[in-house]
Amino acid sequence: MTPQTTGSNRRRELITFFVLAFGIWPIVAVSVVGGYGFLVWMFQILYGPPGPPGH
């Protein structure tokens, strides 16, 4: 391997890392947490909040 090819691969790997670390994964994390919160919210709309039944 030539030094230029190694540097090019390293640069491409760094760009890929930053896109994943600061672009895609935060969106995925927010989507998963938001989706879970939405499911809990809809469940509580249909079946009421947790706890003992009301009067």
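This text follows the structure it describes.
Keep in mind the model is a prediction, meaning the values are calculated, not measured. (Residues numbered from 1 in each chain as written. Predicted model: local features only at pLDDT ≥ 70, side-chain atom pairs only at ≥ 80, totals over all residues. Heavy atoms only, no water.)

Asks: Summarise the overall build of the protein chain; cite the residues concerned and give the values.
Replies: Assigned secondary structure in the protein chain consists of one helix and zero strands. Its C-alpha atoms give the protein chain a radius of gyration of 23 Å, more than 25% over the compact-globule value 10 Å for 55 residues. Along the longest, intermediate and shortest principal axes, the C-alpha atoms of the protein chain span 75 × 15 × 15 Å. Residue burial in the protein chain is summarised as follows: out of 55 residues, 0% are buried. (Helix = DSSP H or I, 4+ residues; strand = E, 2+ residues; numbered from the N terminus. Rg over C-alpha atoms; globule rule 2.2 N^0.38 Å. Buried < 20%, exposed > 50% of the residue type's maximum accessible area, 1.4 Å probe, protein only.)

Asks: Before we move on, can you summarise the packing of aromatic side chains with the specific residues and values?
Replies: Under the definition given, this model contains four aromatic pairs. Taken together, a centroid distance of 5.8 Å and an interplanar angle of 20° make the contact between F18 and F22 stacked. Remark: F22 and F18 occur in helix α1 (residues 3-47); sequence separation between them is four residues, near one turn of the helix. Note on F18: relative accessible area 44%, which makes it partly exposed. Plain terms: the ring middles of F43 and Y47 are 4.9 Å apart, the flat faces sit at 40° to each other, and that makes the pair tilted. (Phe/Tyr/Trp six-rings, centres within 6.5 Å; stacked < 30°, edge-to-face > 60°.)

Asks: Requested: an account of a nonpolar patch on the surface, with residues and values cited.
Replies: Taken together, the side chains of I15, V19, L20, I24, W25, V28 and V32 present a nonpolar region at the surface, about 620 Å² in accessible area. The residue L20 is located in helix α1 in this model. Residue L20 is classed as partly exposed on the basis of its relative accessible area of 35%. (Patch = residues over 30% accessible without salt bridge, like charges linked within 9 Å, V, L, I, M, F, W, Y side chains within 5 Å. Areas by Shrake-Rupley, 256 points an atom, 1.4 Å probe, with all protein chains shown as cover. Salt bridge = Lys/Arg side-chain N within 4 Å of Asp/Glu carboxyl O.)

Asks: Residue-level account of the environment of V33, with values.
Replies: Along the chain, the position of V33 falls in helix α1. For the pair V33 and L14, spaced 19 residues apart in sequence, the C-alpha separation works out to 27 Å.

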